[in-house]
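Coordinates in review
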Amino acid sequence: MDKIIIRGGKRLEGRIPISGAKNAALTLLPCAVLTDEPLTLRNLPRLADVDSFGHLLNQFGVSTTIEGARPGDFGRVMTARAANITSTVAPYDIVRKMRASILVLGPLLARCGEATVSLPGGCAIGNRPIDLHLKALEALGAEIELAAGYVKATAPGGRLKGGRINFSNVSVGATENALMAAVLAQGESVIENAAREPEITDLAKCLIAMGAKIDGLRTDTLTIQGVDELHGATYAVMPDRIEAGSYACAAAITGGSLILAGARRETMPSILSSLEDAGVTVEDVKDGLKVSANGRLKPLSLSTAPYPAFPTDMQAQFMAMLALADGTSLLTETIFENRYMHVPELNRMGAEIEVRGRSAIVRGVEGLVGAPVMATDLRASMSLILAGLAAEGETEVSRIYHLDRGYERLEEKLQAVGADIERVSDG
């Protein structure tokens, strides 16, 4: 099994290209199921989850081709065509690898009138029920049955009907599933208390490019006029705001200066404002953002919440950064109840972090020391990489397959800006 070795203490400086967003790509790929014409996605990141989703589409009879992966490129182009859906079953052996597989439920149901999808897997960061997904589809007329670890959904008469969906809690995945299902439903659908993440807007724009009729983009109320069919399209995946935020933390924790090429300020307001509150300089440049830091950072008090508030996917990275701040920070996790598994590993490196319920008290220390650590989930993995970049001595991060689910060519990008980092194989 591979591991990453980091010899820390290097100031990072240079330019890092930001890849297409993992969370957007995994939402756009199932759109291919909604039409029998080709859907071409550009700026698709090279990630294990993207590859797994491609295999899942193949399971349904969707043909996929990849091109544009020239040497040095970070984005790929995938064309998916669902001319004929040969299966509406998403099996456990594929779905267990990533939670995003549940996003095929709405498109399959909308296109074929039925879908059988295994309950999802993904990172072990707590209970992430899909009840909101199922209630949304029921509001569109679907009949749902749970049996033997699978969700079996059917649309009476073969087609969903427009309806009103009012989410009791904001859910990105449930909003995405509901939106993809509603575009082919008969009549008008309204989604209230919809998630407003940039990835939702990216999905809506792709669907509109395919012929969908959607109003209310960037708001918490989406109105969809169902159409009889969608057509093919070519669409570029948005840049990854979480990757950009992670590398911004890398600049901050090493006292460095990085240009994040392609990063969009408007997609990451709370991340950037929190960085600035910590004393980090963020500037707009021609092709993205420039992030610079000099001296010890200021402590912060942060609480995760749905967009546009501070994202749960940046909590672990900020925790690593604030472990070296001049003072005590307070982080509160409101989205997932088990997202502090990186704390013991950071403490092994000399951090002083105490978990109290859903909050973590981070007492800034003068320095971190390299140590063998183990990654527990995707974003926790990145927090350990960040700590290793700043630590004195050598850090060895094992179980890095989590990283490959969300960060494209991480070592290559960091090496290019001065990090002493390499991937090695135990075998």
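This one's a predicted model, so the numbers in the text were calculated from it and none came from an experiment.

What follows covers the domain arrangement of the protein. Here the protein is described as being made up of domain 1 (2-18 + 240-425) and domain 2 (22-225). Domain 1 and domain 2 are separated by 30 Å when their C-alpha centres are compared.

So, on to the sheet that holds strand β24 (residues 420-425). As summarised here, the arrangement of the four strands in space is β22-β23-β1-β24, forming an open sheet in which the pairing is mixed. Sheet topology places β22 (372-374) and β24 at the edges, where each strand pairs with a single neighbour. Neighbour-to-neighbour, the strand axes of this sheet turn through a mean angle of 25 degrees, independent of strand direction. Bridge analysis of strand β1 (residues 2-7) against strand β23 (residues 394-398) gives five bridges, and the strand direction is antiparallel. Bridge assignment links isoleucine 5 to a residue of β23, and that residue is glutamate 396. Each of β1, β22, β23 and β24 is contacted by helix α12 (residues 378-390), which is oriented at about 30 degrees to β1, the strand it contacts most.

A separate point is the sheet that holds strand β19 (residues 328-332). Pairing in this open sheet of four strands is mixed, and the strands run β18-β19-β21-β20 from one edge to the other. Pairing within the sheet leaves two strands with one partner each, and these edge strands are β18 (301-303) and β20 (352-356). Here the strands of the sheet are splayed against their neighbours by 15 degrees on average, with no regard to which way each runs. Bridge count between β19 and strand β21 (residues 359-363): five bridges; the pairing is antiparallel. Note that in β21 the partner of threonine 332 across the bridge is serine 359. Helix α10 (residues 315-322) contacts β18, β19, β20 and β21 of the sheet and is inclined by roughly 170 degrees relative to β19.

With that settled, consider the packing of helix α6 (residues 172-182) against helix α7 (residues 198-209). For any two helices packed against each other, one specifies the inter-axial angle together with the distance between the axes. Here α6 crosses α7 at 10 degrees, and the two axes come no closer than 10 Å. The angle between the axes of α6 and α7 places the two elements in the roughly parallel class. Residues Val172, Thr175, Glu176, Leu179 and Met180 of α6 pack against Glu199, Ile200, Leu203, Ala204 and Leu207 of α7. Looking at side-chain class alone, the contact of α6 with α7 contains seven nonpolar, one polar and two charged residues.

The next thing to look at is the UniProt feature "binding site: UDP-N-acetyl-alpha-D-glucosamine" (unreviewed entry) in the protein. When the UniProt feature table is mapped to this numbering, "binding site: UDP-N-acetyl-alpha-D-glucosamine" (unreviewed entry) covers Arg99, Arg128, Pro129, Ile130, Asp131, Leu132, Asp313 and Ile335. Structurally, leucine 132 can be placed in helix α5 (residues 131-139). Assessed through its relative accessible area of 13%, leucine 132 is described here as buried. In contact with leucine 132, not counting residues within four places along its chain, are Phe167, Ser168, Asn169, Ser171 and Ala174. Position of isoleucine 335 among the secondary structure elements: in the loop between β19 and α11 (343-348). Those residues in contact with isoleucine 335, other than ones at most four positions away along the chain, are Thr304, Ala305, Pro306, Thr312 and Arg358.

Relative to β24, β1 is paired through six bridges, and the arrangement is antiparallel. Counterpart to isoleucine 6 in the pairing with β24 is isoleucine 421.

As a further point, take the packing of aromatic side chains. The final tally for this structure, using the stated rule, is one aromatic pair. Relative to phenylalanine 318, the ring of phenylalanine 310 has its centre 4.9 Å away and its plane inclined at 80 degrees; by these criteria the two rings are edge-to-face. On the basis of relative accessibility, which here comes to 5%, the residue phenylalanine 310 falls in the buried class. Assessed through its relative accessible area of 0%, phenylalanine 318 is described here as buried.

Calculation rules
Residues numbered from 1 in each chain as written. Predicted model: local features only at pLDDT ≥ 70, side-chain atom pairs only at ≥ 80, totals over all residues. Heavy atoms only, no water. Domains from an automatic or database assignment. Pairing = 2+ DSSP bridges. Helix = DSSP H or I, 4+ residues; strand = E, 2+ residues; numbered from the N terminus. Axes fitted to C-alpha atoms, helices over the stretch in contact; angles between N-to-C directions. Contact = heavy atoms within 4.5 Å. Parallel < 35°, antiparallel > 145°, perpendicular 65-115°, else oblique. Nonpolar A, V, L, I, M, F, W, Y, C, P; charged D, E, K, R; others polar. UniProt positions renumbered as here; feature names shortened; annotations may be inferred. Buried < 20%, exposed > 50% of the residue type's maximum accessible area, 1.4 Å probe, protein only. Phe/Tyr/Trp six-rings, centres within 6.5 Å; stacked < 30°, edge-to-face > 60°.

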